[in-house]
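Listed below, chain by chain, are the residues.
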Amino acid sequence: MGIISFLIGLAISTILIYIVTRLLGEKEGLKIALFAALLGSIMFGIINYFFGNGILAAAVGGIIWLVSLKWLYSTGWLKAILIAVVLWIVVAIVGTFLPTFPNPF
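Residues numbered from 1 in each chain as written. Predicted model: local features only at pLDDT ≥ 70, side-chain atom pairs only at ≥ 80, totals over all residues. Heavy atoms only, no water.

Engineer: Tell me about the nonpolar core, and please be specific about residues and values.
Structural biologist: For soluble globular proteins, the rule of thumb is that nonpolar side chains tend to be buried together. If you look at the biggest cluster of nonpolar residues, it comprises 16 residues, and the most contacted ones within it are Ile17, Ala36, Trp65, Leu69, Tyr73, Ala84 and Leu87. At the level of elements, helix 1 (2-23), helix 2 (30-51), helix 3 (55-72) and helix 4 (77-97) are the ones that each hand at least two residues to this core. If near-sequence neighbours (up to four positions away) are discounted, Leu87 is found in contact with Leu16, Ile17, Val20 and Trp65. (Core = buried A, V, L, I, M, F, W, Y, C linked by side-chain atoms within 4.5 Å. Buried < 20%, exposed > 50% of the residue type's maximum accessible area, 1.4 Å probe, protein only. Helix = DSSP H or I, 4+ residues; strand = E, 2+ residues; numbered from the N terminus. Contact = heavy atoms within 4.5 Å.)

This is the structure in structure tokens:
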């Protein structure tokens, strides 16, 4: 069940990253969005292992995420911050409604 949940989360993250970056003018495709989602998952696991949950983990994760977005999408700091903020808002909205869908398992 863990791998299935991970793959579903990865697919949803990939789609959301792709949509947000396209809306903000980036031209990269689903492949880069998938890589960004996978990289984000790996970073979350590593940061969670070393820092646990809390403000320090969020700060370190946020900085690493911005560097990753800047690198993956070959953009400036302001655009990377804009992408991250819009993604955060979209994920918060989707995360509010997605768990309320009926469980298919």
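Now that the structure is up, let's keep going.
Engineer: Describe unusual backbone geometry, and please don't skip the residues or the numbers.
Structural biologist: At Ser74, a residue that is not glycine, the phi angle is positive and equals roughly 45°. Within the fold, Ser74 resides in the loop between helix 3 and helix 4.

Engineer: For the layout of surface pockets, give the residues involved together with the corresponding values.
Structural biologist: Taken as a whole, the largest pocket encloses approximately 970 Å³ of empty space. Along the walls of the largest pocket sit 34 residues, with Gly40, Ser41, Phe44, Trp65 and Val91 positioned nearest its centre. Listed by contribution, the elements that provide at least two residues to the lining of the largest pocket are helix 1, helix 2, helix 3 and helix 4. For the lining of the largest pocket, the per-class residue count stands at 22 nonpolar, twelve polar and no charged. (1 Å grid on protein atoms, 1.4 Å probe; cavity = no way out; pocket = protein on both sides within 12 Å on 5 of 7 lines; lining within 4 Å. Points joined across faces, edges and corners; volume = space filled by probe spheres on them. Nonpolar A, V, L, I, M, F, W, Y, C, P; charged D, E, K, R; others polar.)

Engineer: Account for the pattern of salt bridges, naming residues and giving values.
Structural biologist: Inspection of the entire model under this criterion finds one salt bridge. Among the salt bridges present, the one from Glu26 reaches Lys79, with a minimum N-O distance of 3.1 Å. Taken together, the residues Glu26 in the loop between helix 1 and helix 2 and Lys79 in helix 4 connect sequence positions 53 residues apart. The class of Lys79 is partly exposed, set by a relative accessible area of 25%. (Salt bridge = Lys/Arg side-chain N within 4 Å of Asp/Glu carboxyl O.)

Engineer: Can you explain a nonpolar patch on the surface? Please cite residues and give values.
Structural biologist: On the surface, a cluster of nonpolar side chains totalling about 1,200 Å² of accessible area is made up of Ile3, Phe6, Leu7, Leu38, Ile42, Ile46, Tyr49, Phe50, Phe51, Ile55 and Leu56. Among the secondary structure elements, those contributing two or more residues to the nonpolar patch are helix 1, helix 2 and helix 3. When you line up the elements, Phe51 lands in helix 2. Relative accessible area serves as the criterion here: at 39%, Phe51 is assigned to the partly exposed category. (Patch = residues over 30% accessible without salt bridge, like charges linked within 9 Å, V, L, I, M, F, W, Y side chains within 5 Å. Areas by Shrake-Rupley, 256 points an atom, 1.4 Å probe, with all protein chains shown as cover.)

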